[in-house]
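Summary of structural features
Listed below, chain by chain, are the residues.
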Amino acid sequence: MSLLKKLAQKALKKSIWIFHVNTGACNGCDIELLDVLTPYYDIERFGMKAVSSPRHADALVISGPVTRPTVNFVKSVYEATPEPKIVIALGSCATAGGIWFDSYNVVGGVDKVIPVNLYIPGCPPRPEAIIFGIAQALGISKKKIKPLVSEQIDIE
């Protein structure tokens, strides 16, 4: 059992409250995250709810590449979130810096500044991917595929 799953089962038995942080995203990921909160996808059925303060949050959902002006902001939001906390990098920019990974003002993905527990890739990730990623991390849904084991082939 993964550390994240153990943490979630022990500390977050009934619900997980999320706080969204935009560190310079194009708002594509933000719109998809907002779509998850609408009645169509209804993420609250899993006990997940968006809150307006990191002091009330169990998880931080961070979108966008971390830019130099937002480094201290990201650190302060992380420190303001009470333990135990989960950090979710949402989208290609938050996971690795996106198309701006080598720009002068981009530090990189979120993991360059704070520890990340869950990566949800995509540009932007679909609402189904967001729900599935969080549900997988929390142990709400079972994995549907087995890991692929490749065999080495000798070429002689």
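Here, the structure is the one placed above.
Residues numbered from 1 in each chain as written. Predicted model: local features only at pLDDT ≥ 70, side-chain atom pairs only at ≥ 80, totals over all residues. Heavy atoms only, no water.

**With respect to helix H3 (residues 71–80)**
Where we set the bar: When a residue's accessible area, from a 1.4 Å probe over protein chains only, is under 20% of the maximum for its type it is buried; when over 50% it is exposed; and in between it is partly exposed. Helix and strand definitions follow DSSP, with helices as H or I runs of at least four residues and strands as E runs of at least two, each counted in order from the N terminus. A contact between two residues is defined here by any heavy atoms of the two lying within 4.5 Å.
For H3, the set of buried residues is Val71, Val74, Val77, Tyr78 and Ala80. Lining the buried residues of H3 we find strand S1 (16–22), strand S3 (59–63), strand S4 (66–67), strand S5 (86–90) and strand S6 (106–108).

**Observations concerning the pattern of salt bridges**
Spelled out, the test is: Criterion for a salt bridge: a side-chain nitrogen of Lys or Arg within 4 Å of a carboxyl oxygen of Asp or Glu.
Counted by the stated rule, this structure contains 2 salt bridges. In this structure, Lys85 engages Glu83 in a salt bridge whose closest nitrogen and oxygen atoms are separated by 3.5 Å. Residue Lys85 is classed as buried on the basis of its relative accessible area, which comes to 10%. A salt bridge links Glu128 to Arg126, with the nearest nitrogen and oxygen atoms 3.3 Å apart. Under the relative-accessibility criterion, Glu128 is labelled partly exposed at 38%.

**Remarks on the packing of aromatic side chains**
Applicable threshold: Stacked, tilted and edge-to-face are the three classes assigned to paired rings of Phe, Tyr and Trp, where Trp is represented by its six-membered ring and a pair needs centres within 6.5 Å; plane angles under 30 degrees give stacked, over 60 edge-to-face, the rest tilted. Here, a charge over a ring is recorded when the distance from Lys NZ or Arg CZ to the ring centre is within 6 Å and its angle to the ring normal is within 35 degrees.
Across all of its chains, the model carries 1 aromatic pair by this definition. Arranged with centres 4.8 Å apart and planes meeting at 80 degrees, the rings of Tyr40 and Tyr41 form a pair that is edge-to-face. What makes Tyr40 exposed here is its relative accessible area of 69%. For Lys49, the ring lying beneath its charged end belongs to Trp17, and the centroid distance is 5.3 Å.

**Side note on the packing of helix H2 (residues 28–36) against helix H5 (residues 127–138)**
How we decide: A fitted line through C-alpha atoms represents every axis, and for helices the fit uses only the stretch in contact; the resulting angles, taken between N-to-C directions, go from 0 to 180 degrees. Angles are sorted into four bins: roughly parallel if under 35 degrees, roughly antiparallel if over 145, roughly perpendicular if 65 to 115, and oblique for all others. All amino acids are sorted into three groups, where Ala, Val, Leu, Ile, Met, Phe, Trp, Tyr, Cys and Pro are nonpolar, Asp, Glu, Lys and Arg are charged, and the leftover types, Gly among them, are polar.
For the pair H2 and H5, the least separation of the axes is 9 Å and the interaxial angle reads 70 degrees. On the basis of their axis angle, the class for H2 and H5 is roughly perpendicular. Residues Glu32, Leu33, Asp35 and Val36 of H2 form the contact with H5, whose own contacting residues are Pro127, Ile130 and Ile131. Of the residues belonging to the contact of H2 with H5, the class tally is 5 nonpolar, no polar and 2 charged.

**Remarks on the nonpolar core**
Short version of the rule: Remark: nonpolar core denotes a set of buried residues (Ala, Val, Leu, Ile, Met, Phe, Trp, Tyr, Cys) joined through side-chain atoms within 4.5 Å.
If you look at the biggest cluster of nonpolar residues, it comprises 20 residues, and the most contacted ones within it are Ile16, Ile88, Leu90, Ile120, Ile130 and Ile134. Of all the secondary-structure elements, those providing two or more residues to this core are S1, H2, S3, S5, strand S7 (118–120) and H5. Broken down by element, this core gets its largest block of residues, 5 residues, from H5. Filtering out sequence-adjacent residues up to four positions away, Ile88 remains in contact with Ala59, Leu60, Val61, Ile62, Leu118, Ile120 and Ile134. Membership of the second largest hydrophobic core comes to 18 residues, among which are Phe19, Ala57, Val71 and Val116.

**A short note on unusual backbone geometry**
Look at the link from Glu83 to Pro84: it is a cis peptide, with omega at -10 degrees. If you trace the backbone, Pro84 turns up in the loop between H3 and S5. Going from Cys123 to Pro124, the amide bond is cis rather than trans, its omega being -15 degrees. You can see Pro124 is positioned in the loop between S7 and H5. The phi angle at Asn27 is positive, at roughly 80 degrees, despite the residue not being glycine. Mapping Asn27 onto the fold places it in the loop between S1 and H2. On the basis of relative accessible area, Asn27 is assigned to the partly exposed category, the value being 40%. Notably, Asp42 is not glycine yet its phi reads approximately 50 degrees, a positive angle. Its location among the elements puts Asp42 in the loop between H2 and strand S2 (48–50).

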